[in-house]
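Structural features, examined
Read off the chains here:
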Amino acid sequence: MQKKGLKVVLIFIGAYLIFLILWINVKDYYGYAITYSVSNMVMPIKDVMFESITRKGDKIEVVFCRYTYRGEIIAPILIKTSFYTFNVPLTCAILAAFHLFIKRKKRAYLEALLILLFVHALYVFSLEAKSLTEWFMSRGIDPMNKVKLAFYQFLWSFTDNMVIRFEPFLIGIYVFLRFRK
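The rules we used
Residues numbered from 1 in each chain as written. Predicted model: local features only at pLDDT ≥ 70, side-chain atom pairs only at ≥ 80, totals over all residues. Heavy atoms only, no water. Buried < 20%, exposed > 50% of the residue type's maximum accessible area, 1.4 Å probe, protein only. Helix = DSSP H or I, 4+ residues; strand = E, 2+ residues; numbered from the N terminus. Contact = heavy atoms within 4.5 Å. Axes fitted to C-alpha atoms, helices over the stretch in contact; angles between N-to-C directions. Parallel < 35°, antiparallel > 145°, perpendicular 65-115°, else oblique. Left-handed = near helix turned anticlockwise from the far one by under 90°. Nonpolar A, V, L, I, M, F, W, Y, C, P; charged D, E, K, R; others polar. Pairing = 2+ DSSP bridges. Patch = residues over 30% accessible without salt bridge, like charges linked within 9 Å, V, L, I, M, F, W, Y side chains within 5 Å. Areas by Shrake-Rupley, 256 points an atom, 1.4 Å probe, with all protein chains shown as cover. Salt bridge = Lys/Arg side-chain N within 4 Å of Asp/Glu carboxyl O. Core = buried A, V, L, I, M, F, W, Y, C linked by side-chain atoms within 4.5 Å.

**Structural notes on helix α3 (residues 88–97)**
Among the 10 residues of α3, eight are classified as buried, and the element is accordingly described as predominantly covered. Within α3 the residues assigned to the buried category are Val88, Pro89, Thr91, Ala93, Ile94, Leu95, Ala96 and Ala97. Looking at the packing, one finds that the buried side of α3 touches α1 (2–46), α2 (82–85), α4 (105–138) and α5 (146–179).

Take a look at the structure:
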């Protein structure tokens with residue numbers, strides 16, 4: 001039992017260091033891909049056009065516009081990639097440490113990856129939708145709707161403060177409970 005516990009700890013530490021080094025080099029490209037994909041999904045929901053996306057180091061600026069009777073309204077949104085991707089190395093290390101305890105490993109890791117992608121897409125979607133809603137309502141472009149505003153603010157706050165923070169453990173628990181030997 002002690003040997004297995006030590007093995008799990010060593011796998012976790014080694015995997016964390018490896019994934020951390022890899023992730024530092026990949027996260028900005030990953031954040032760009034997620035943001036680009038999600039921004040295209042936001043367009044029909046918020047009735048905007050996707051103007052541009054620019055990567056500035058760890059930050060991504062997405063510019064949306066809406067054509068109104070006042071003319072073209074530009075709405076820039078700045079998204080810091082590390083705000084929602086900071087715990088990917090920890091998530092991967094937890095999954096690596098569970099390698100000894102789970103069956104159907106390919107399926108388990110695929111499901112974990114899909115959950116991770118969904119959570120990150122939800123973060124970007126909720127941030128963009130909240131920002132656009134606040135932007136247009138504060139400028140009188142959309143009528144003030146406190147229920148809609150509260151919904152988007154709650155969705156983003158819940159995703160940012162709860163889901164993103166506990167993501168490694170939620171995914172780890174899910175994989176362990178669903179695929180344990």
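Further notes follow.
**Things to note about the packing of α3 against α5**
The N-to-C vectors of α3 and α5 enclose an angle of 25 degrees; their axes lie 8 Å apart at closest approach. Considering the angle they form, α3 stands roughly parallel to α5. Here the hand of the crossing between α3 and α5 comes out right-handed. Here Leu90, Thr91, Ile94 and Leu95 of α3 come into contact with α5, specifically with Glu167, Pro168, Phe169, Ile171, Gly172 and Val175. The class makeup of the residues in the contact of α3 with α5 is seven nonpolar, two polar and one charged.

**Points about the pairing of strand β1 (residues 49–56)**
When β1 meets strand β2 (residues 59–68), the two strands line up antiparallel, connected through seven bridges. Within β2, the position partnered with arginine 55 by the bridge is isoleucine 60. In this antiparallel pair of consecutive strands, β1 and β2, the connection spans two residues, and glycine 57 shows a positive phi of 70 degrees.

**Overview of the sheet that holds β1**
With antiparallel pairing, three strands are arranged side by side in an open sheet as β1-β2-β3. With partners counted over all chains shown, the strands left at the sheet margins are β1 and β3 (71–80), one partner each. Put simply, the sheet's adjacent strands are angled 20 degrees from each other on average, direction ignored. Contacting β1, β2 and β3, α1 runs over the sheet at an angle of about 165 degrees to β1. Against the sheet, α4 touches β2 and β3, its axis set at about 140 degrees to β3.

**Comments concerning a nonpolar patch on the surface**
A surface patch of nonpolar side chains, amounting to about 810 Å² of accessible area, comprises Phe154, Phe158, Met162, Phe166, Phe169, Leu170, Ile173 and Leu177. The residue leucine 177 is located in helix α5 in this model.

**What about the nonpolar core?**
Residues Phe64, Leu132 and Val175 are the most contacted members of the largest nonpolar core, which totals 40 residues. Elements represented by at least two residues in this core include exactly α1, β1, β2, β3, α3, α4 and α5. With residues near it in sequence (within four places) discarded, phenylalanine 64 still touches Ser39, Val42, Val48, Met49, Phe50, Glu51, Ile73, Ile74, Ala75, Ile77, Glu128 and Leu132.

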